[in-house]
Amino acid sequence: MEHTQPVVSLRGVTKRFDDVAAVDRLDLDIRDGEFLALLGPSGCGKTTTLRMIAGFEQPTEGEIFIGNEPVVGIPPHKREVNTVFQQYALFPHLDIIDNVAYGLKQRGVKKGERRKQAAEALAMVHLTGRENAKPSQLSGGQQQRVALARALVMRPKVLLLDEPLGALDQKLRKAMQIELKRLQAEVGITFVFVTHDQEEALAMADRIAVMDKGRIEQLAPPRELYDEPATTFVAGFIGDMSTVNGTVAGDVAELPGGLKVPLGRRLTDVANGTAVHVGLRPECGTFKPATNGDANATVATAMVLGDRLQVIAKVGDGDEVLLRQARTPENDAAAALRPGDGLAIDFHAGAGLLLAPQGSEDRALSATAVVA
Ligand SMILES: Nc1ncnc2c1ncn2[C@@H]1O[C@H](COP(=O)(O)OP(=O)(O)O)[C@@H](O)[C@H]1O
Ligand SMILES: [Mg+2]
């Protein structure tokens, strides 16, 4: 797959609204057949990027290619892409089948043929039998499937999806994530999926472009983003991560009070003795109730999450660390932990991610928070 032509390329693409660069010199190659997520906080330029690929906006600077053809200036309906929005805007007065067939009609496809293709698209999204319903008779999730069928029926090279599950409740959203992923694999169409929800991106995408302030911070598969974040912003944005203050001492960071956290990956080179911020993932170690004076932390909060245990531990001079582990018969004593209890944390090798020297005004540290 690495050697095939990208299906969409952006080269030095900038979009300015007045003085604001919503998208800032973006380079991006989207591979044929992949599920790519554009992920980032609200306002980072995801929608603008998608709208420029679709043709609803033109870049202020830069080039966009779809299937090798430059497309800047070409209107949306002449591009081999289709868009599904969060607001799916079905025609309320048209039956479901006619909603799905609408674009084919515009294209001049004959009635019998477009009904056949629309029925096939409805089968793909599991809505066979609802052809003659009106949109208002369907649930929100079903309406979103209709919007999807309406886009798929046009057989675009690339399907652009802008937070398409944003209006659905959590449970339905999770179900639709799995379904969309399955559907994408089935039809083999390239999906470019915009979301601000990192869990959603991790669950669905082959690769994720993490965006901040109109730029791509890192483009990589989910595992790589999580294990080998390139920047502190990515480290904080992808997955849960706590940050603690420590001092570099060889291959450990020493916290106030003497707790030693083994260091793994370093995002920056610092000398021994430097005061640094260290990132810790929830699975960076195991924990149990302290016995015989082996406490190296204190429990702030402890929760039993069904099959998992979660604690927020206070370490060093009060930094909070979120830790999770599977519940097993062997470690079930940890399920009885209470606030104020002494905790013994056993850090894994390379547990700590060296983020940045303390005092560096690192915007990413605001993205890292203890989130349950
Ligand atoms: N039509 C517009 N006019 C002016 N500013 C805009 C317009 N569209 C987007 N912006 C601005 O561009 C930035 C990026 O917006 P957007 O691409 O919608 O972000 P996202 O989808 O990541 O939330 C924001 O600061 C937003 O306010
Ligand atoms: Mg948006």
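Everything numeric in this text was worked out from a predicted model, so none of it was measured.

Trainee: Whenever I open this one, the nonpolar core confuses me. Can you help?
Mentor: Note on soluble globular proteins: their nonpolar side chains tend to be buried together. Counting 100 residues, the largest nonpolar core has Val-100, Ala-149, Val-192, Phe-193, Val-210 and Ala-313 as the members making the most contacts within it. With six residues, the top contributor of residues to this core is helix α4 (residues 140–152). Built from parts of two domains, this core gets at least three residues from each of domain 1 (6–233) and domain 2 (239–367). In contact with Phe-193, not counting residues within four places along its chain, are Phe-35, Leu-36, Ala-37, Leu-161, Met-204 and Ala-205.

Trainee: It is not clear to me how the site of ligand 1 should be interpreted in this structure. Could you clarify?
Mentor: Neighbouring ligand 1 are the residues Phe-17, Val-20, Ala-22, Gly-40, Ser-42, Gly-43, Cys-44, Gly-45, Lys-46, Thr-47 and Thr-48. If you list the elements that add at least two residues to the shell around ligand 1, you get β2 (20–31) and α1 (46–54). Grouping the amino acids of the shell around ligand 1 by side-chain chemistry returns four nonpolar, six polar and one charged.

Trainee: Quick question: what am I supposed to make of the environment of Glu-228 here?
Mentor: In this structure, Glu-228 sits in the loop between α7 (222–227) and α8 (232–237). Judged by the 14 C-beta atoms lying within 10 Å of it, Glu-228 is partly exposed.

Trainee: Quick question: what am I supposed to make of the sheet that holds β2 here?
Mentor: With antiparallel pairing, four strands are arranged side by side in an open sheet as β2-β1-β4-β5. The open sheet has two edge strands, β2 and β5 (69–70), and neither has a second partner. Across two bridges, the pairing between strand β4 (residues 61–66) and β5 is antiparallel. Following the sheet pairing, Ile-66 is matched in β5 by Glu-69.

Trainee: Even after reading the chapter, I still don't get the environment of Val-7, so can you show me in this structure?
Mentor: Tracing the backbone through its elements, the reader meets Val-7 in strand β1 (residues 6–17). Among the residues examined, Val-7 registers 23 C-beta atoms within 10 Å and is labelled buried. Here the alpha-carbon distance between Val-7 and Lys-157, two residues 150 residues apart in the chain, equals 7.8 Å. With sequence-adjacent residues up to four places away left out, Val-7 is seen in contact with Ile-30, Arg-31, Asp-32, Gly-67, Lys-157, Val-158 and Thr-190.

Parameters and conventions
Residues numbered from 1 in each chain as written. Chains lettered and ligands numbered in written order. Predicted model: local features only at pLDDT ≥ 70, side-chain atom pairs only at ≥ 80, totals over all residues. Core = buried A, V, L, I, M, F, W, Y, C linked by C-beta atoms within 7 Å. Buried ≥ 20, exposed ≤ 12 C-beta atoms within 10 Å, placed from the backbone. Helix = DSSP H or I, 4+ residues; strand = E, 2+ residues; numbered from the N terminus. Domains from an automatic or database assignment. Contact = placed C-beta atoms within 7 Å. Near = placed C-beta within 6 Å. Nonpolar A, V, L, I, M, F, W, Y, C, P; charged D, E, K, R; others polar. Pairing = 2+ DSSP bridges.

Everything listed here is a matter of coordinates, which is why it stays silent on function.
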